[in-house]
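One letter stands for each residue in the lines below.
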Amino acid sequence: MRAFALSVVVLATLFALGSVLGPAQRASAQQTVDGKAVFVAEKCGLCHGVQAAGIQAKTTSEKLKGPDLSGYEAEEGFDVRSYLRKESEKDGAAHRREFKGTDEELQALLDWLKATG
């Protein structure tokens, strides 16, 4: 019986710690998503530069080079998220590379680009 009571106390303590720490850790993880790091990890810099952040596009082909994204904000009525996920097109063309990150990473990327302007 004593072992059972001890097990209940241990489980209750772990549950309480998980309830308190779990949301704090998730909030911390969301707040630490770095838009610039997402830009680099998703290899956006292969085609796009962000001059305001000192990033030059790596491609030398003008045909493959995308626009500079310094201060980028989506045009009204344009769903940039679905475009980057290759779910929609712009001017009859899909984005060349599909964004593979999470929704939080995509938002961090867009927030960072907007802030660079």
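As the structure is a computational prediction, the values presented were derived from the model and not from experiment. (Residues numbered from 1 in each chain as written. Predicted model: local features only at pLDDT ≥ 70, side-chain atom pairs only at ≥ 80, totals over all residues. Heavy atoms only, no water.)

S.K.: Could you give me a rundown of the overall build of the chain, with the residues and numbers involved?
M.R.: A count of helical and extended segments in the chain gives four helices and zero strands. In the chain, the succession of helices and strands from N to C terminus is α-α-α-α. As displayed, the chain offers around 8,300 Å² of accessible surface, 56% of which is attributable to carbon and sulfur atoms. (Helix = DSSP H or I, 4+ residues; strand = E, 2+ residues; numbered from the N terminus. Areas by Shrake-Rupley, 256 points an atom, 1.4 Å probe, with all protein chains shown as cover.)

S.K.: Please set out the nonpolar core residue by residue, giving values where relevant.
M.R.: Counting residues in hydrophobic clusters, the biggest one holds 16 residues, and the most contacted among them are Phe39, Val50, Leu109, Trp112 and Leu113. Contributions of two or more residues to this core are made by helix H2 (35-41), helix H3 (80-84) and helix H4 (103-115). Ranked by the residues each element gives to this core, the list is headed by H4, at five residues. Excluding its chain neighbours within four sequence positions, the residues that come into contact with Val50 are Phe39, Ile55, Asp68, Leu69, Ser70, Trp112, Leu113 and Thr116. (Core = buried A, V, L, I, M, F, W, Y, C linked by side-chain atoms within 4.5 Å. Buried < 20%, exposed > 50% of the residue type's maximum accessible area, 1.4 Å probe, protein only. Contact = heavy atoms within 4.5 Å.)

S.K.: Explain the state of the cysteines residue by residue, including any values.
M.R.: According to the stated counting rule, one finds zero disulfides in the structure shown. With no disulfide partner, Cys44 has as its closest neighbouring cysteine sulfur the one in Cys47, 9.0 Å distant. Take Cys47: its relative accessible area is 19%, and that puts it in the buried class. (Disulfide = S-S within 2.5 Å.)

S.K.: Give me the lowdown on the packing of aromatic side chains, citing residues and values where you can.
M.R.: Scanning the entire structure with this criterion turns up two aromatic pairs. Taking the centre distance of 5.7 Å and the plane angle of 55° together, the rings of Phe39 and Trp112 count as tilted. Linking Phe39 in helix H2 with Trp112 in helix H4, this pair joins segments that are 73 residues apart in sequence. Trp112 matches Phe39 in its accessibility class, with the two residues each being buried. (Phe/Tyr/Trp six-rings, centres within 6.5 Å; stacked < 30°, edge-to-face > 60°.)

S.K.: Which residues make up H4, and what are the values?
M.R.: Working note: α-helix, 3.6 residues per turn, so residues spaced by three or four point in the same direction. Between its first and last C-alpha, H4 extends 18 Å over 13 residues, near the 18 Å set by a 1.5 Å rise per residue. When H4 is considered as a whole, its buried residues turn out to be Leu106, Ala108, Leu109, Leu110, Trp112 and Leu113. At its buried positions, H4 is contacted by H2 and H3. (Expected span 1.5 Å × (residues − 1).)

S.K.: Can you explain the layout of surface pockets? Please cite residues and give values.
M.R.: Its boundaries defined by the atoms lining it, the largest pocket holds a volume of some 650 Å³. Around the largest pocket sit 32 residues that line it, and His48, Leu69, Tyr83, Leu84 and His95 are the ones nearest its centre. Secondary-structure elements contributing two or more residues to the lining of the largest pocket are H2, H3 and H4. Split by residue class, the lining of the largest pocket holds 17 nonpolar, three polar and twelve charged. (1 Å grid on protein atoms, 1.4 Å probe; cavity = no way out; pocket = protein on both sides within 12 Å on 5 of 7 lines; lining within 4 Å. Points joined across faces, edges and corners; volume = space filled by probe spheres on them. Nonpolar A, V, L, I, M, F, W, Y, C, P; charged D, E, K, R; others polar.)

S.K.: Residues and numbers for the environment of Gly66, please.
M.R.: By secondary structure assignment, the location of Gly66 is in the loop between H2 and H3. For the pair Gly66 and Gly49, spaced 17 residues apart in sequence, the C-alpha to C-alpha distance is 7.9 Å. Apart from residues no more than four positions distant in its own chain, Gly66 is found in contact with Cys47 and His48.

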